[in-house]
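The primary structure of each chain is shown beneath.
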There are 2 protein chains.
Amino acid sequence: MLRSCAARLRTCGARPANPGAAWRLFSSEKVVHKDYALPNPSWSKDLRLRFDQFMKKCEDGSWKRIPSHRQNTSPLLQDFQNRFLDPKFMKEEKMSKAQKFTRSFEVGLGFEYVMFFNGAEKRVVCFFQGGPHLQGLPGFVHGGAIATIIDITTGACVNISEGIAMTANLNINYKRPIPLCSVVVLNSQLHKIEGRKHFVSCTVQSNDEKTLHAEAAALFIKLDPDKRLT
Amino acid sequence: MLRSCAARLRTCGARPANPGAAWRLFSSEKVVHKDYALPNPSWSKDLRLRFDQFMKKCEDGSWKRIPSHRQNTSPLLQDFQNRFLDPKFMKEEKMSKAQKFTRSFEVGLGFEYVMFFNGAEKRVVCFFQGGPHLQGLPGFVHGGAIATIIDITTGACVNISEGIAMTANLNINYKRPIPLCSVVVLNSQLHKIEGRKHFVSCTVQSNDEKTLHAEAAALFIKLDPDKRLT
């Protein structure tokens, strides 16, 4: 069941005619939310070049760009909601304002990123530009923001290929600080599965790949479909 | 030098007459920025009760509330900027928009928290309410947001008592997901120093302390005062 959802997620990356805009299919009245994993004016030349480079790699089907929204639009997350959460909980007022953490900033100020997935190799590559509202020590991206982009990149590696899982352990070695607004490259690899345990590694390098900013190991546990979380 | 900065930081928590508001000392034209570690209308009853409880503990001086701003107002961070960053870098346009990651959200939508420091015990307690823009899986606080609040709580434990240090390792075990908008309690303890290495532990529990949401170990390295970071 979860595998079939993952397959559906992989097919939902179709790009609207006006990319990046929220739009409505009048025939079905279905709202299609803005896809944030597409270039916008805040993207630096480095980030655009990386995007173009990987979009070319997508042409033969070996890589796929992962769309990204503020709300839970993907079948995979809708399925999670239906299976693991009490419907009453989802109707609470606070939930009406809920937005995905990494997409809750104004354009250019927070997490600007695009991820690409290689199904055969179970790899995700993420290009990340950390905006000025992610500051930790003056001039640098916050360690928590780095942990966040590592969490979603390693998480994507598991969720897309194997179905919904939650982070059980995240172990990060911070090597060199990341200057605000620079572009870094995350390379994540699912390398071992033991039952519901999924082991993923990740590196964070500068765009020229000469500086290793961080390296991490993550453990994800696939959810037990018989248990609610609330 | 860094120790003396830490001492200055401990004394800069004076509360303005109109708490929470940005204000100006007309005599010196010095701008005093808004302190976000004070109650606001988004705080739940649980968070307010915890705040009041610990403000009482501050009365005998054993605990101190840690003020929190969007910009680098503390002498400790100004000192960091002067010592470790190239002045040209700080004049770049991007830096004019820089804001502390955990204070860059609108009131109630992101990280609402207050931290208290016990100097004698080298402990920091943080009360944290994760707003709806911190969502990870539907209904729950993002693992990256949890890593962030752990990073700043453990970081405060080192920075306030020992001077500026950067996160070198963060190892988090996620035990139970945190429902959006609930209040959790972080208990952080500096327990070992080896040269420039500072070892800190942290737990994240529900407000009733019955549920352990996460536990973490962090290693911070005090900066070498002879080296610039850019």
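Here is what the cut-offs are and how they apply
Within each chain, residue numbers correspond to sequence positions counted from 1 in written order. Following the order in which they are written, the chains are lettered starting with A and the ligands numbered starting with 1. Local features in this predicted model are restricted to residues whose pLDDT is 70 or higher, and side-chain atom pairs enter the listing and the counts only when it is 80 or higher, whereas totals over whole chains, interfaces and linings include all residues. In computing side-chain properties, one takes all heavy atoms of the structure into account and sets aside hydrogens as well as water. The salt bridge definition used is simple: a Lys or Arg side-chain nitrogen within 4 Å of an Asp or Glu carboxyl oxygen. Secondary structure elements follow DSSP: runs of H or I of four or more residues count as helices, runs of E of two or more count as strands, with numbering from the N terminus. For every residue, the accessible area obtained with a 1.4 Å probe (protein chains only) is divided by the maximum for its type, and the residue is called buried under 20%, exposed over 50%, and partly exposed between those limits. A pair of strands is treated as paired once DSSP finds two or more bridges between them. UniProt positions are given in the numbering used here, feature names are shortened, and annotations may be inferred rather than shown by experiment. Note on contacts: a residue pair is in contact if any heavy atoms of the two residues lie within 4.5 Å. What gets called buried area is simply the loss in accessible area from a 1.4 Å probe that two parts show on being joined, summed for both. Pairs of N or O atoms are called polar contacts if they sit within 3.5 Å, as long as, within protein, a hydrogen donor faces a hydrogen acceptor (for residues adjacent in sequence, only side-chain-to-side-chain pairs). Lines fitted to the C-alpha atoms define the axes, with helices restricted to the stretch that makes contact. Angles between their N-to-C directions range from 0 to 180 degrees. Any angle that falls under 35 degrees is termed roughly parallel, while one over 145 is termed roughly antiparallel, one within 65 to 115 roughly perpendicular, and all others oblique. Here a crossing is called left-handed whenever its near helix is offset anticlockwise from the far helix by less than a right angle, and right-handed whenever the offset is clockwise. Helices are assigned an expected span. That span is 1.5 Å times one less than the residue count. Note: the arc covers the axis-to-C-beta directions of the helix. The pairing test for Phe, Tyr and Trp rings, Trp by its six-membered ring, is centres within 6.5 Å, and the orientation test on the planes gives stacked under 30 degrees, edge-to-face over 60, and tilted for anything in between. Sitting over a ring, as applied to charges here, requires NZ of Lys or CZ of Arg to be within 6 Å of the ring centre and within 35 degrees of the ring normal. The copies were overlaid with a least-squares fit restricted to C-alpha atoms from residues scoring a pLDDT of at least 70 in each copy. The method works on a 1 Å grid over the protein atoms by themselves. A cavity is a set of points holding a 1.4 Å probe that cannot get out, a pocket is an open set with protein on both sides within 12 Å along at least five of seven lines, and residues with an atom within 4 Å of a point line them. Grid points are joined across faces, edges and corners, and a volume is the space filled by probe spheres set on the points. Ten residue types, Ala, Val, Leu, Ile, Met, Phe, Trp, Tyr, Cys and Pro, are classed as nonpolar, four, Asp, Glu, Lys and Arg, as charged, and the remainder, Gly among them, as polar.

### Describing the pattern of salt bridges
All names here are of chain B.
- Inspection of every chain in the model, using the stated rule, returns twelve salt bridges over all chains.
- Residue Glu209 is joined to Arg50 by a salt bridge in which the shortest nitrogen-to-oxygen separation is 3.1 Å. Of the two residues, Glu209 is situated in the loop between strand 8 (197-206) and strand 9 (212-222) and Arg50 in helix 2 (residues 45-57); the sequence distance between them amounts to 159 residues.
- Taking the shortest distance from any N to any O, the salt bridge between Glu121 and Arg123 comes out at 3.0 Å.
- A relative accessible area of 23% places Arg123 in the partly exposed class.

### Details of the pairing of strand 5 (residues 123-130) of chain B
Residue and element names in this part refer to chain B.
- Across the eight residues that make up strand 5, a large majority, seven, are buried.
- In this structure, strand 4 (residues 111-118) lies alongside strand 5, joined through eight bridges in antiparallel fashion. For Phe117, the partnering residue across the bridge sits in strand 5 and is Val124.
- Where strand 4 hands over to strand 5, the hairpin turn is made up of four residues, of which Lys122 adopts a positive phi near 50°.
- Note that strand 5 and strand 7 (residues 183-194) share seven bridges and pair antiparallel.

### So, the UniProt feature "domain: Thioesterase" (unreviewed entry) in chain A
- The feature "domain: Thioesterase" (unreviewed entry), as given by UniProt, occupies residues 139-211 of chain A in the numbering adopted here.
- From the first C-alpha to the last, residues 139-211 of chain A spans 17 Å; its make-up is 27% helix and 44% strand.

### Brief notes about the environment of Phe116 of chain A
- By the secondary structure assignment, Phe116 of chain A is in strand 4 (residues 111-118).
- Every residue in contact with Phe116 of chain A, bar those within four places of it in the chain, is listed here: Phe51, Phe54, Met55, Cys58, Trp63, Lys64, Arg65, Ile66, Arg123, Val124, Val125 and Phe127 of chain A.

### What about the interface of chain B and chain A?
- Counting residues at the interface gives 52 residues for chain B, matched by 52 residues for chain A.
- At the boundary of chain B with chain A, total buried surface from both sides reaches about 4200 Å², with 65% on carbon and sulfur atoms.
- Per-residue buried area on chain B facing chain A is highest for Phe101, Leu137 and Pro138 of chain B; these three make up 16% of the total on that side.
- One can count zero salt bridges joining chain B with chain A.
- In this structure, the connection of chain B to chain A is made through 20 residue pairs in polar contact (both at pLDDT 80 or more).
- Per-element accounting of the side of chain B that touches chain A gives the leading share, ten residues, to strand 6 (residues 165-174) of chain B.
- Across five bridges, the pairing between strand 6 (residues 165-174) of chain A and strand 6 of chain B is antiparallel. Counted as the bridge partner of Leu170 of chain A is Ile172 of chain B from strand 6 of chain B.

### Details of the pairing of strand 8 of chain B
- Taken together, the ten bridges between strand 7 of chain B and strand 8 of chain B define a ladder with antiparallel strand orientation. When the bridges of strand 8 of chain B are listed, Gln189 of chain B appears paired with Ser201 of chain B.

### A closer look at the packing of helix 6 (residues 143-162) of chain A against helix 6 (residues 143-162) of chain B
- Look at helix 6 of chain A against helix 6 of chain B: their axes get within 8 Å of each other, and the N-to-C directions meet at 155°. The orientation of helix 6 of chain A with respect to helix 6 of chain B, classified from their angle, is roughly antiparallel. Taken as a pair, helix 6 of chain A and helix 6 of chain B cross one another with a handedness that is right-handed. Contact residues: Gly143, Gly144, Ala145, Ala147, Thr148 and Asp151 of chain A in helix 6 of chain A; Gly143, Gly144, Ala145, Ala147, Thr148 and Asp151 of chain B in helix 6 of chain B.

### Structural notes on helix 2 (residues 45-57) of chain A
Residues and elements named next belong to chain A.
- Along its 13 residues, helix 2 runs 19 Å from first to last C-alpha, staying within 8% of the 18 Å computed at 1.5 Å per residue.
- Of the residues making up helix 2, those classed as buried are Leu47, Arg50, Phe51 and Phe54. The arc that holds every buried residue of helix 2, seen down its axis, measures 100°, which confines them to one face. Seen from the buried face of helix 2, the exposed residues on the opposite side, beyond 90 degrees, are Lys45 and Lys56.
- Against strand 3 (64-66), strand 4, strand 5 (123-130) and strand 7 (183-194) lie the buried residues of helix 2.

### A few points about the packing of aromatic side chains
- Overall, the coordinates contain 24 aromatic pairs over all chains when judged by the stated rule.
- By the ring-pair criterion, three or more aromatic residues cluster together here, those being Phe101, Phe105, Phe111 and Phe128 of chain A together with Phe101, Phe105, Phe111 and Phe128 of chain B.
- Lying over the aromatic face of Phe199 of chain B, Lys192 of chain B brings its terminal NZ or CZ to 4.7 Å of the ring centre.

### A look at the environment of His213 of chain A
All names here are of chain A.
- Relative to the helices and strands, His213 is located in strand 9 (residues 212-222).
- Owing to a relative accessible area of 7%, His213 belongs among the buried residues under this scheme.
- Here the alpha-carbon distance between His213 and Asn173, two residues 40 residues apart in the chain, equals 8.7 Å.
- Non-local contacts of His213, meaning those with residues more than four positions away in its chain, are made with Asn173, Tyr174, Lys175, Arg176, Pro177, Ile178, Pro179, Val184, Val204, Gln205 and Ser206.

### What about the relation of the copies chain B and chain A?
- Between the two copies, chain B and chain A, the superposition gives an RMSD of 0.0 Å; the rotation angle is 180° and the shift along the axis is 0.0 Å. Seen this way, the second copy is the image of the first under a two-fold rotation axis. When C-alpha distances to the rotation axis are compared across chain B, the minimum falls at Asn171 of chain B, with a value of 2.1 Å.
- A share of 100% of the interface residues of chain B reappears at the interface of chain A, consistent with the copies meeting face to face through the same patch.

### A look at empty space enclosed by the protein
All names here are of chain B.
- Using the criterion set out here, one finds two cavities of 30 Å³ or more in the structure.
- Approximately 70 Å³ is the volume attributed to the second largest cavity.
- Surrounding the second largest cavity, Tyr36, Thr102, Arg103, Phe105, Glu106, Val107, Gly110, Phe111 and Glu112 form its lining.
- Each residue belonging to the lining of the second largest cavity can be placed in one class, and the counts come to four nonpolar, two polar and three charged.

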